Amino acid sequence: MDNMNKFAELGLSESSLLAISTKGFEEPSPIQKMTIPLLIQNEKDIVGQAQTGTGKTAAFGLPIMDMIVEGSGQVQALILTPTRELAIQVAEEMSSFRGGRKISVLPIYGGQSYNRQFSRLESGVEIIVGTPGRLIDHLKRGTLDLSHLKFMVLDEADEMLNMGFIDDVEFILSKTPAEKRFLLFSATMPKRIVQLAENFMSEYEVVKVDSTQLTVDLTDQIYFEVRASDKFEALCRIIDVEPEFYALVFCRTKLKVDHLANALLDRGNDAAALHGDVSQAQRERILDSFKRKRVNILVATDVAARGIDIDDLTHVLNYSIPQDPESYVHRIGRTGRAGKLGTAITFITPSEYRQLMQIQHFSNSEIRKETLPKIKDLIKIKRERIVAEIKEVIDQDDYHDNMHVANELLEGFPPDMIIAALLTHAYKDEFSTDRYTEITDPRSQRQSRSTRQNQPDDYSPDQEGITRLFIALGRKDDINAQKLVNFIRQEAMVDPNHIRNIQVFDNFSFANVPFQEAEHIINTFRGKGRDKKPLIVAAKPKNDNDEKSQRSAPPKRKQKTRRSKKR
Ligand code: AMP
C-alpha cells in the first residue's frame, strides 16, 4: 500500500510529501481530503467546519506552503488563532511542513518581547501565526506589512467570537489586500461567524466533515489524563493489572506505532506493530499471531487497523487521541462485540481535554474519568493473582510430575524458603517496585520541593479557600476584564463565574478564584509567559518565610525503571 500516493493524488508538491513522510502521516484525514484539492485547484475562499484535532492545520498549511514564494521575506500568509498556546502549536506544525523549503514561520502573541518580534519581522518572514491583540499593535506601529498577503486563515473562529475578538479580527481583515484568499475554520457555525464569512468573502466553498452517530452500547468507555511522557508507564500499569489483556492500541503515526511496539517488546510484552509500511505478507502473519493470541497487543494506525475483524478483544486503547468523533467510534467499535463487554480506554494530556469533550459530545458517548492503579496496588494484585493461579494448579491435581523434585528440595531446605526461591525463579522482578516509574498527576499544582526550587515565581496558592492570582497580562496586551475571563476559561476549562474581583492594570492583572481552581489554572499557564515564565501565579503573600524554607529542601530522587525481558 503506497499511502504517500494518497497525499500526492491531492496535488501536493514533492517538498510537502517529504514533510508528510517525515511526520509519519499515513493517509489524509477527511478535512484534508476535502480542503487540499480545493485550495490547490481553484481560487475560491473556504469555510471549513472542523473540530480541533481533525488535522485542519495540515489541510490549509500544506497547500499554503506549496503556493507561497520561498525566501521572499514578505509576509504571504497570516494565520489568526484565539490563544497564544494555539499560535505556538500551529506555528510549530506549520514549520514541520517546510520539507526543506526556505520558509520562515513566526508566532506573534502578547506577552512576548517586542524587540524579538521587531527583529524577526525586519529580517523577513513568509508566514505569521498570531493572536489578534499583538498583531493589531504591530499593524498600528507600522511594523507589520500585509501588502503582499496571499492567504489569511482564521482558525477556531467560534472561539475568537467567544473570547470577544471578533471586532479585532474584522479590523485585521480590513488591513489585508482584497485579492488574498480567506480561509475560515470553526468547530461550530454561529450566525456571527457566517456573517463574517459573507462580509469578507466573495465566492466561497463550505467544507464539512459529516458526523454520523453510531452507538457503542457494550463498550465501557473511560479516559485517563496523563502527561505525554507518562503514557508508556500508564499503559504498562493497565497491561499488568488486566489478567487477559487482549487489545488493539491506536497511535496516530507509523513512527509512534513502531516506537511503542518496540518499547513493549523490550519490556517483555507480546506486542506487534501494524501500519501502512508493513507488507501484505507480514500483515497476514501478524494478524494470524494476533488471532491466535500469541501476540496479545497489536499497536496500529487507524489505516492499518481497518478490516481487522476480531470479536473477543478485551480492550481498545487510544494511546493517541483519535482525530475526530467518527474515528473514535470506529476505533472503539472493535471491542464490545459479539455480546461481550469490552473496555475502551483513551489517554489524554491536559491540553487535549477540550478535544475529548468534543468527541464525547459529537459521538454521543459517555466517557468516564478513571485513575491509574498505584504501584503498591499493582504489586498486591499481581501477588493475589499468582496465589490464585497456584491454588488452581493444586485444585486441578496438576503438579504430580514435579513431586520428586519437591521431595528432593524438602530434604535440604525448609518449605517456606523453597517456595520463596521458586517464586523468585519463576517471576524474577515481577513484584519489584522498580518495574514502575512514578506518574505525575498532570493537573497537580503541588509539585515536589525539588521542582519548586527552580520555579521561584510559581508560589503555591493559599489554602484558605480563595486565591488571588497575578496575571502577567494587562491593558498593554489588549486585555480587559471580559477578555481575561474568557481567556482563562478557554485555556483552563474553568467556570467563568468562579473568576472574580478582576483588576486590570497596564502591565498585569489580578483575579480571585477558589483555591481548587487556582491549582489547576496556575498549572495550565506554567511556562506560557515571557521567556517561558509562568503567565499566572498566586499573588505573593506578605509573609513568605514558609516559601523560602520550602525552596531550600533537598531534591527528591526519581525512581529508575528496570526493564526485564521476561514478565
Ligand atoms: P490539528 O487538527 O491540525 O491540530 O492536528 C492534530 C494532530 O494530528 C497534529 O498532531 C497533527 O500532526 C496530526 N495529524 C494531522 N494530519 C494527520 C494525518 N493525516 N495523519 C496522522 N496525523 C495527522
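Residues numbered from 1 in each chain as written. Predicted model: local features only at pLDDT ≥ 70, side-chain atom pairs only at ≥ 80, totals over all residues. Heavy atoms only, no water.

Q: Please clarify how a nonpolar patch on the surface should be interpreted in this entry.
A: Side chains of V405, L409, F413 and M417 sit close together on the surface and give an oily, nonpolar patch of about 340 Å² of accessible area. Its relative accessible area of 31% is what places L409 among the partly exposed residues. (Patch = residues over 30% accessible without salt bridge, like charges linked within 9 Å, V, L, I, M, F, W, Y side chains within 5 Å. Areas by Shrake-Rupley, 256 points an atom, 1.4 Å probe, with all protein chains shown as cover. Salt bridge = Lys/Arg side-chain N within 4 Å of Asp/Glu carboxyl O. Buried < 20%, exposed > 50% of the residue type's maximum accessible area, 1.4 Å probe, protein only.)

Q: Would you take a moment to explain the environment of R489 for this structure?
A: Here R489 is to be found in helix 21 (residues 481-492). Spatially, the C-alpha atoms of R489 and I499 are 8.7 Å apart, while their sequence positions differ by 10 residues. Setting aside residues no more than four positions away along its own chain, R489 makes contact with E159, N162, V494, P496 and I499. (Helix = DSSP H or I, 4+ residues; strand = E, 2+ residues; numbered from the N terminus. Contact = heavy atoms within 4.5 Å.)

Q: What's the story with the nonpolar core in this structure? I'm lost.
A: Nonpolar side chains in soluble globular proteins tend to end up buried together. Counting residues in hydrophobic clusters, the biggest one holds 52 residues, and the most contacted among them are I128, L154, L184, I488, I521 and I536. Built from parts of two domains, this core gets at least three residues from each of domain 1 (2-209) and domain 4 (465-566). Excluding residues within four positions of it along the chain, I488 makes contact with I471, M493, V494, I499, I521, F525 and I536. Counting residues in hydrophobic clusters, the runner-up holds 37 residues, among them L38, L39, M94 and F151. (Core = buried A, V, L, I, M, F, W, Y, C linked by side-chain atoms within 4.5 Å. Domains from an automatic or database assignment.)

Q: Would you mind showing me how to read the sheet that holds strand 6 (residues 181-186) here?
A: Backbone-to-backbone hydrogen bonds pair the strands of a sheet. The strands run either parallel or antiparallel. Strand order across the open sheet formed by seven strands is 3-4-2-5-6-1-7, with parallel pairing between neighbours. In the strand order of this sheet, the two ends are held by strand 3 (105-108) and strand 7 (204-208), each with one partner. Taking the axes of each pair of neighbouring strands and ignoring which way they run, one obtains an average angle of 15 degrees across the sheet. By the bridge criterion, four bridges tie strand 3 to strand 4 (residues 127-130) in an arrangement that is parallel. (Pairing = 2+ DSSP bridges. Axes fitted to C-alpha atoms, helices over the stretch in contact; angles between N-to-C directions.)

Q: Just to check I follow, could you spell out the packing of helix 4 (residues 56-67) against helix 5 (residues 84-95) for this structure?
A: One can describe the packing of helix 4 onto helix 5 by two numbers: an axis separation of 10 Å at closest approach and a directional angle of 50 degrees. Judged by the inter-axis angle, helix 4 sits oblique to helix 5. At the point where helix 4 passes helix 5, the crossing takes the right-handed sense. Of the residues in helix 5, those in contact with T57, F60, G61 and M65 of helix 4 are V90, E93 and M94. Here the residues of the contact of helix 4 with helix 5 sort into four nonpolar, two polar and one charged. (Parallel < 35°, antiparallel > 145°, perpendicular 65-115°, else oblique. Left-handed = near helix turned anticlockwise from the far one by under 90°. Nonpolar A, V, L, I, M, F, W, Y, C, P; charged D, E, K, R; others polar.)

Q: It is not clear to me how the sheet that holds strand 10 (residues 271-274) should be interpreted in this structure. Could you clarify?
A: A sheet is described by the order of its strands in space; here seven strands give the open sequence 10-11-9-12-13-8-14, paired in parallel fashion. Strand pairing shows two members of the sheet lacking a second neighbour, strand 10 and strand 14 (368-369), which therefore form its edges. The pairing of strand 8 (residues 219-225) with strand 14 spans two bridges and is classified as parallel. Note on strand 14: the bridge partner recorded for Y223 is K369. Contacts between helix 11 (residues 231-241) and the sheet are confined to strand 8, strand 11 (297-300), strand 12 (315-318) and strand 13 (342-348), with strand 13 contributing the most and set at about 160 degrees to the helix.

Q: How do you make sense of the pairing of strand 12 when you look at a structure like this?
A: Across a regular strand the side chains alternate sides, sitting on one face of the sheet and then on the other. The alternating pattern of strand 12 places H315 and L317 on one face and V316 and N318 on the opposite face, and all of these are buried. With four bridges joining them, strand 12 and strand 13 adopt parallel strand pairing. Considered in strand 13, the bridge of N318 is made with T346.

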